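Breakdown of the fold
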Amino acid sequence: MQNVLFQLFVSGIAMGFVYALVAVEYTLIWNACGLLNFSHEKIIMLGGYVFVGTCITGLGMPNIPSAILAILLLGLFGILIAVTIFIPLRNQSRLIAVVATVMLGQILNEAAVLVWGPVALMPKNFLSGVFNIMGATIAKSYVYIILISIIIIAVLQFIFKKTKFGKAMTCVSINKTAATLMGINVKVSMVITLLLSFMICAVIGIITAPIFTVKQQMATMIALKGFCAGVIGGFGSLPAAIAGGLVLGVVENMAGLVLPAVFKDAVAFTLMILFMMFSPKGLVGVRENIESQSRRRAGEVQ
């Protein structure tokens, strides 16, 4: 029983980090643009397709170079989308922006079918095998997901705390008007944010490819649960997104001990609804803090 609990805990932490990365991607775009990206499940899918496609097609590239190429290409694609969609629509109605991102997702979905076909793809010899840890058999993919996610989160924290453009992005997330008055180029900040966001989506598509295989629907539940993680943690903060993802991943996995497997996906949505009803600010409760900071900084500028 202890081995089973340990296996469920490790796999729950791994999936929790995946949800956390999705929630971080939501949070980055929300803070920079004030918009929600409803196409990112297809962007995650695109990252998986570019990665696996370069491995098994005529290019025949090894796994690591293919992963790096996929991340770089998705980053460039993020810049393109920032310039053509998010920046022009940042002052438009939220509904228009939502429709634009949904349509972008549909375009990417149909493009993937045309380029790679409807059959699911699977990376060869990528994050395969198992580890024997404390007598429990743990899939290598889960261990690598945890390690890679920790590295990404550490890099993001370094960027936002120690770099000039990271601090500028933080200022933009608090108050765009004040940031503009202080000489910060909001458009450049949005471009950098989309670049980071799409690269994170590429990483999610790559590290989950061995678990879900690469297909059009591979990231549907990941994206939905990532949004749940953002709500559970407290929308608008990276630490909150991480906390929400980890809590959701562990609770969801442990619920499998008492609930039939068919109800596993319902755990995330039930938990989100409970938090919306009884703790709308989430675990960390940052929403009110962000709004109060915005009002205070705006008052200082005036």
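Residues numbered from 1 in each chain as written. Predicted model: local features only at pLDDT ≥ 70, side-chain atom pairs only at ≥ 80, totals over all residues. Heavy atoms only, no water.

Helices and strands together make up the secondary structure of the protein, namely twelve helices and two strands. Seen in sequence order, the protein has helices and strands lined up from the N terminus as α-α-α-α-β-β-α-α-α-α-α-α-α-α. Scaling as 2.2 N^0.38, a compact globule of 302 residues should have a C-alpha radius of gyration of about 19 Å, and the protein matches this with 19 Å. A principal-axis box enclosing the C-alpha atoms of the protein has dimensions of 60 × 50 × 35 Å. (Helix = DSSP H or I, 4+ residues; strand = E, 2+ residues; numbered from the N terminus. Rg over C-alpha atoms; globule rule 2.2 N^0.38 Å.)

Taking 1.5 Å as the rise per residue, helix H5 (residues 140–162) with 23 residues should run 33 Å; its terminal C-alpha atoms sit 32 Å apart, in good agreement. Buried within H5 are the following residues: Ser141, Val143, Ile145, Ile146, Ser149, Ile152, Ile153, Leu156, Ile159 and Phe160. Check the buried side of H5 and you find it contacts helix H1 (2–33), strand E1 (130–133), strand E2 (136–139), helix H6 (164–174), helix H8 (186–212) and helix H10 (238–255). (Expected span 1.5 Å × (residues − 1). Buried < 20%, exposed > 50% of the residue type's maximum accessible area, 1.4 Å probe, protein only. Contact = heavy atoms within 4.5 Å.)

The next subject is the environment of methionine 272. Mapped onto the elements, methionine 272 comes out in helix H11 (residues 264–278). Judged by relative accessible area, methionine 272 falls into the buried class, the value being 13%. With 58 residues separating them in the primary sequence, methionine 272 and valine 214 have C-alpha atoms 27 Å apart. Setting aside residues up to four positions removed in sequence, methionine 272 forms contacts with Phe227, Cys228, Val231 and Ile232.

Now for the pattern of salt bridges. Tallied over the full model, the rule gives three salt bridges. One salt bridge connects glutamate 41 with lysine 42, and the closest N-O pair in it is separated by 3.7 Å. Between lysine 225 and aspartate 265 there is a salt bridge, with its nearest N and O atoms 2.6 Å apart. Here lysine 225, found in helix H9 (residues 220–233), pairs with aspartate 265, found in helix H11; they are 40 residues apart in sequence, far enough to count as distant. Shared partners join several salt bridges into a network, and the residues in it are Lys225, Glu252 and Asp265. (Salt bridge = Lys/Arg side-chain N within 4 Å of Asp/Glu carboxyl O.)

Applying the stated rule across the entire model yields five aromatic pairs. Residues tyrosine 26 and phenylalanine 227 carry aromatic rings whose centres are separated by 5.4 Å and whose planes lie at 70° to one another, so their mutual orientation is edge-to-face. In this pair, tyrosine 26 sits in helix H1 while phenylalanine 227 sits in helix H9, placing the two residues 201 residues apart along the sequence. Residue tyrosine 26 is classed as buried on the basis of its relative accessible area of 6%. (Phe/Tyr/Trp six-rings, centres within 6.5 Å; stacked < 30°, edge-to-face > 60°.)

Attention shifts here to the confidence of the model for the protein. Parts of the model with low pLDDT should not have their predicted coordinates read in detail. Model confidence for the protein is summarised by a mean pLDDT of 83, while 92% of its residues fall at 70 or above. Here residues 286–302 is modelled with pLDDT under 50, and outside its nearest four sequence neighbours on either side it reaches 17 contacts, counting other chains as well. (pLDDT = per-residue confidence, 0-100.)

Taken together, the side chains of Val4, Leu5, Leu257, Val258, Leu259, Val262 and Phe263 define a hydrophobic patch exposed on the protein surface, amounting to about 630 Å² of accessible area. The residue phenylalanine 263 is located in the loop between H10 and H11 in this model. For phenylalanine 263, a relative accessible area of 46% gives the class partly exposed. (Patch = residues over 30% accessible without salt bridge, like charges linked within 9 Å, V, L, I, M, F, W, Y side chains within 5 Å. Areas by Shrake-Rupley, 256 points an atom, 1.4 Å probe, with all protein chains shown as cover.)

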